[in-house]
Amino acid sequence: MREAHRQSVDGHITVLCIDDDTEYLDALQAAFEDVADIELVVDADPATALDRLDDVDCVVSAIEASTTDGGPLLETVREQDPTMPLLFTTSQDLSGVEDSLFEVEAVDFHPRNRDGPAFRLFERQLRNLVARSRLEHRTLQFRTALDLSQELTLVVSGDGRIAYANQPLSSAVTADRNPLSGRNWTDIFTDESVRHLRVEAFPVIEDGWNWTGTTVLRSHTGDIEARTSLVRLADRSLVFVFHALSRDDETCC
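Within any chain, residue numbers begin from 1 and follow the written order of that chain's sequence. Local features are withheld for residues below a pLDDT of 70 in this predicted model, meaning they are given only at 70 or higher, and side-chain atom pairs are given and counted only at 80 or more; totals for whole chains, interfaces and linings count all residues. Water and hydrogen atoms were dropped before computing side-chain values, which therefore reflect all heavy atoms in the structure.

J.: Explain the overall build of the chain to me, please; I cannot follow it from the model alone.
T.: Under the scheme used here, helices are H or I runs from DSSP no shorter than 4 residues and strands are E runs no shorter than 2 residues, and both carry numbers assigned from the N terminus. For the chain, the helix and strand inventory stands at six helices and eleven strands. Any pair of residues with heavy atoms lying within 4.5 Å of one another is described as a contacting pair. When contacts within the chain are restricted to residue pairs at least 6 apart in sequence, those whose partners lie at least 24 apart make up 55%.

Right under this line is the structure:
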């Protein structure tokens, strides 16, 4: 298995187009001549084309295409790069596409036409596939960084449920590292801290400010006092960061 495919930092998108229909490839290249941030790399031979996966952001191919050993292109690409987005073109009605393919992540389908609207749709689908792939990659990076951080971090969704708690926080408040996701945010605070947050902190963050103060977390080994920073995001979610932790007047973390 290869390393994850390239993630461009400048917004540039490189697309590998695998197709033995040279007329269609020529039409594609002509349609994208004036699109400065999308580069099409074309190859009629899947066997040689797949050697380029490390350098591209998305693969485009006719849905009927196969690799040289007869295996499906999707399977072969995902064996080398499990996260590579694919856009399949087809001249057939989409009702003929296998139902299972519609369930595959980071895969989309494009009607194989050669008019202006079709190519505009093609460009939009490419951008959406690559944007989602890059977002998921960055999300994984951020989650990994938060889990490695010594700062306890909590994200609460707009409905009051815990959307994310990094590993240091889970370890601090639960005995067996049970995931906190899905629980109500009030479960991990003392009753007094919940009242304090609602009365003192929430009015501050409603006005667009960050709040910093002291809260007390419930833990399987006793209450933990923490210096706490809190902000509300535009989607109504809350982000808590806990630091300067202490238990029984002794530094615990």
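J.: Is there a simple way to explain the state of the cysteines in this structure?
T.: A covalent bond between the sulfur atoms of two cysteines is referred to as a disulfide. Any two cysteine sulfur atoms within 2.5 Å of one another count as a disulfide. Taken as a whole and assessed by the stated rule, the structure comprises zero disulfides. Cys 17 takes part in no disulfide bond, and the closest cysteine sulfur to it belongs to Cys 58, at a distance of 8.5 Å.

J.: Would you mind going over the nonpolar core with me for this structure?
T.: One recurring pattern in soluble globular proteins: nonpolar side chains tend to sit buried together. Counting residues in hydrophobic clusters, the biggest one holds 26 residues, and the most contacted among them are Leu 154, Leu 169, Phe 189, Leu 197, Leu 230, Phe 240 and Phe 242. In terms of residue count, helix H6 (residues 191-206) provides more of this core than any other element does, five residues in total. By convention a nonpolar core is built from buried Ala, Val, Leu, Ile, Met, Phe, Trp, Tyr and Cys residues, the set being connected through side-chain atoms within 4.5 Å. A 1.4 Å probe rolled over the protein chains alone gives each residue an accessible area, and that area as a share of the maximum for its type sets the label: buried under 20%, exposed over 50%, partly exposed in between.

J.: Please explain helix H1 (residues 22-31) as it appears in this structure.
T.: The periodicity of an α-helix, 3.6 residues per turn, causes residues three or four positions apart to be oriented the same way. Those residues of H1 lying buried are Tyr 24, Leu 25 and Leu 28. Angularly, the buried residues of H1 cover 100° about the axis, an arc narrow enough to put them on a single face. Two N or O atoms count as a polar contact when they lie within 3.5 Å, although within protein this holds only if one can serve as hydrogen donor and the other as acceptor, and sequence-adjacent residues are included solely when both atoms are side-chain atoms. Where H1 starts, the residue carrying a side-chain oxygen 3.2 Å from the main-chain nitrogen of Glu 23 turns out to be Asp 21. In this description, the arc belongs to the directions extending from the helix axis to the C-beta atoms.

J.: Sorry, what's going on with the sheet that holds strand E4 (residues 86-90) here?
T.: As a general point, the strands of a sheet are linked pairwise by backbone hydrogen bonds and lie either parallel or antiparallel. Taken together, the five strands give an open sheet; going across it, the order is E2-E1-E3-E4-E5, and neighbouring strands pair in parallel fashion. If you trace the sheet from one side to the other, it starts and ends with strand E2 (38-43) and strand E5 (107-111), each paired once. Across the sheet, the mean angle separating the axes of adjacent strands is 25° when strand polarity is ignored. Note that E4 and E5 share five bridges and pair parallel. Its bridge partner being in E5, Phe 88 is matched across the sheet by Phe 109. Each axis is a line fitted through C-alpha atoms, and for a helix only the stretch in contact is used; angles between axes span 0 to 180 degrees, taken between their N-to-C directions. Where helix H3 (residues 73-80) meets the sheet, its contacts fall on strand E1 (13-18), strand E3 (58-62), E4 and E5, and the angle it forms with E4 comes to roughly 170°. Against the sheet, helix H4 (residues 116-148) contacts E1, E2, E3, E4 and E5, and its axis sits at roughly 175° relative to E5. Here a strand pair is declared whenever DSSP counts at least two bridges between the two strands.

J.: Please clarify how H3 should be interpreted in this entry.
T.: With six of eight residues buried, H3 is to be regarded as a mostly interior element. Residues of H3 that are buried make contact with E1, E3, E4 and E5.

J.: Just checking my understanding: could you explain unusual backbone geometry for this structure?
T.: Leave glycine aside and you will find that most residues have negative phi; peptide bonds, for their part, are mostly trans. With a phi angle near 60°, Ala 106 is a residue other than glycine that sits in the positive phi range. Looking at the element boundaries, Ala 106 is found in the loop between E4 and E5.

J.: Mind showing me how you'd approach the pairing of strand E9 (residues 224-232) here?
T.: Each regular strand displays side chains that alternate between the two surfaces of the sheet. The alternating pattern of E9 places Ile 224, Ala 226, Thr 228, Leu 230 and Arg 232 on a buried face, while none of Glu 225, Arg 227, Ser 229 and Val 231, on the opposite face, is buried. For strand E8 (residues 211-217) and E9, the ladder comprises seven bridges, and the chain directions are antiparallel. By the bridge assignment for E9, Gly 213 is matched with Thr 228. The antiparallel hairpin formed by E8 and E9 contains six residues in its connecting segment, where Gly 222 sits at a positive phi of about 130°.

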